[in-house]
Amino acid sequence: MERCTVRGNRATRGAGVFCIDSNVELQDNLVESNQGDATAGPVRGAGLGAVASRLRMTDDVVRANLGATEGGGLHAESCPLVTLDGVRVEDHTTAGPGG
């Protein structure tokens, strides 16, 4: 995904972007103001959630996402490789660890 804005979404995992068992490359995107919805269980990664994926992010901005339980901005679970290059992760809120 390149040069996209992902804003104003709600979900239990990765309200902005969610990937599972994938090879994901993101470049020059804005992921902001997404909200985790805890009605179906714990929220992990309101901005971006990745499970068992290879994730590469370059020059992205992930900001002002609201996670209900864990990882307001980013949550990577069982990922063999996560590379962040020039990525800004800022101003997130969560009731648990990893705002």
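Each remark here, short or long, concerns the structure printed above.
Residues numbered from 1 in each chain as written. Predicted model: local features only at pLDDT ≥ 70, side-chain atom pairs only at ≥ 80, totals over all residues. Heavy atoms only, no water.

Student: Break down the sheet that holds strand 3 (residues 17-20) for me, with residues and values.
Tutor: Overall, parallel pairing links the 3 strands, which are arranged 3-7-11 in an open sheet. Either end of the sheet is taken by a strand with one partner, and the two such strands are strand 3 and strand 11 (74-77). Going across the sheet, the axis of each strand differs from the next one's by a mean of 0°, ignoring polarity. With 4 bridges connecting them, strand 3 and strand 7 (residues 48-51) associate as parallel partners. Looking at the pairing, V17 lines up with L48 of strand 7. (Pairing = 2+ DSSP bridges. Helix = DSSP H or I, 4+ residues; strand = E, 2+ residues; numbered from the N terminus. Axes fitted to C-alpha atoms, helices over the stretch in contact; angles between N-to-C directions.)

Student: Please provide a residue-by-residue account of the pattern of salt bridges, values included.
Tutor: Going through the model one piece at a time under the given rule, you end up with 5 salt bridges. E2 is the salt-bridge partner of R3, the closest N and O atoms lying 3.2 Å from each other. R3 gets classed as exposed once you look at its relative accessible area, which sits at 62%. The exposure class assigned to E2 is partly exposed, which follows from its relative accessible area of 43%. Taken together, the shared-partner salt bridges connect R7, E32 and R63 into one network. (Salt bridge = Lys/Arg side-chain N within 4 Å of Asp/Glu carboxyl O. Buried < 20%, exposed > 50% of the residue type's maximum accessible area, 1.4 Å probe, protein only.)

Student: How would you summarise unusual backbone geometry if you had to cite specific residues and measurements?
Tutor: With a phi close to 50°, A52 is a non-glycine residue in the positive phi region. Within the element layout of this structure, A52 appears in the loop between strand 7 and strand 8 (54-58). At D91, a residue that is not glycine, the phi angle is positive and equals roughly 60°. Position of D91 among the secondary structure elements: in the loop between strand 13 (88-90) and strand 14 (93-94). Residue classification places D91 among the exposed residues on the basis of a relative accessible area of 62%.

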